[in-house]
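# Summary of structural features
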Amino acid sequence: MKKILALLILALLFFTGCAIGKSITSAEKAGENKETLQQVQNTPNISNLQNRPDTLKVHFLDAGQGDSILIQFPNGRNMLVDAGKNNSAAGIIDYLKKNGINKLDYLVGTHPHEDHIGSLDAVIEHFQIGEVLLPRVTTNTRTFRDVLAAIKNKDLKITAAKAGVNILEDDNLSAKILAPNKSTYEDLNNYSAVIKIKYKEVAFLLTGDAEELSEKEILAGKADVRANVLKVGHHGSHSSTSPAFLKAVNPLYAVISAGAGNDYHHPHGETLKRLKQAVVKVLRTDEKGTIVFTTDGKEIALTTEK
Ligand SMILES: [Zn+2]
């Protein structure tokens, strides 16, 4: 416990530079003045938030050069969006178990690239699974076939992940799919399920590897993309996070999942520059490890764990 607390405080010190706690008030929700952040940085309310049962937790796992995001909803349901590469299975399964997960009510594979669906088969084997959501596209890889086999072995059905699908919706809580908006694309990345999660006043936008083409379609469809936290598309590649999309999302935080020293040189300098110009705080899994946001729908607490 002491170790966790120390890690927590260290992570926070590193992140805020001065504060012992990190909190954001509703005054900073998407679309409002980011300068108010300075005024509330010293509110040490993390333990308060973390001990409350009515919080939404979004964990951006450190899965190397791959994506895996665990969402624990305040209604007790759990969702996993992507499951990293094939060699990330043990780490992801351990992390979920450590967080008390027995059942994943929703399991999303944003698109069928190995760095997103690599360990989905192992996750399906190890946990009770509710709904499986995948975009309507196939690929002829061993990894993809393994995922389909795991789904079949458990007699699970696949729900098509596409714009307009509401995964979860009640008064204060929703998870909606904003993309893909078309049924065919040249690039597999653009099939990425883009998911907006909202709890009261706080929103997260998870974009998989969606590129500028998909971002344009989302904007053209007039979807409300505003979010406090943006999971930056395609590991920070310059081909995603177009200026118009970034402006519309207007996030306070950008999370980039990338592996240290990866072959693609993700995140690209161009993307980091755009984020800097937009005064967005960037958090990278290759630097911080796993990044966890906890919110009561009004305030947000942030912790990191290497
Ligand atoms: Zn990827």
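About the thresholds
- Residues numbered from 1 in each chain as written.
- Predicted model: local features only at pLDDT ≥ 70, side-chain atom pairs only at ≥ 80, totals over all residues.
- Heavy atoms only, no water.
- Helix = DSSP H or I, 4+ residues; strand = E, 2+ residues; numbered from the N terminus.
- Buried < 20%, exposed > 50% of the residue type's maximum accessible area, 1.4 Å probe, protein only.
- Pairing = 2+ DSSP bridges.
- Axes fitted to C-alpha atoms, helices over the stretch in contact; angles between N-to-C directions.
- Donors = N, O, S within 2.8 Å, 3.2 Å for Na, K, Ca; no water.
- Tetrahedral: all angles 85-135°; square planar, octahedral: opposite > 155°, others 65-115°.

One can find Ile124 in helix 6 (residues 120-126). Accessibility expressed as a relative area gives 1% for Ile124, which makes it buried. Considered as a pair, Ile124 and Lys154 are 30 residues apart in the sequence and their alpha carbons are 8.0 Å apart.

So, on to the sheet that holds strand 5 (residues 128-134). The strand order across the open sheet built from eight strands is 6-5-4-3-2-1-14-15, with neighbouring strands paired in mixed fashion. Each edge of the open sheet is held by one strand with a lone partner, namely strand 6 (158-160) and strand 15 (300-305). Each strand of the sheet is rotated relative to its neighbour by a mean of 20 degrees, with strand direction disregarded. Pairing of strand 5 with strand 6, which is carried by three bridges, proceeds in the parallel orientation. By the bridge assignment for strand 6, Leu133 is matched with Thr159.

Our next topic: the coordination of the zinc ion. The protein atoms that coordinate the zinc ion are Asp115 (OD), His116 (NE2), Asp209 (OD) and His235 (NE2), at distances spanning 2.1 Å. Because the angles between the four donor atoms bound to the zinc ion fall within 86 to 150 degrees, the donor set is best described as irregular.

What follows concerns the pairing of strand 10 (residues 202-206). Extensive coverage of strand 10 is indicated by the burial of five of its five residues. Judged by which residues are buried, strand 10 turns out to be covered on both faces: Val202, Phe204 and Leu206 on one side and Ala203 and Leu205 on the other are all buried. Linking strand 9 (residues 194-199) back to strand 10 in an antiparallel pair, the connection comprises two residues, with Lys200 at a positive phi of about 50 degrees. In this structure, strand 10 lies alongside strand 11 (residues 229-231), joined through three bridges in parallel fashion. Within strand 11, the position partnered with Leu205 by the bridge is Leu230.

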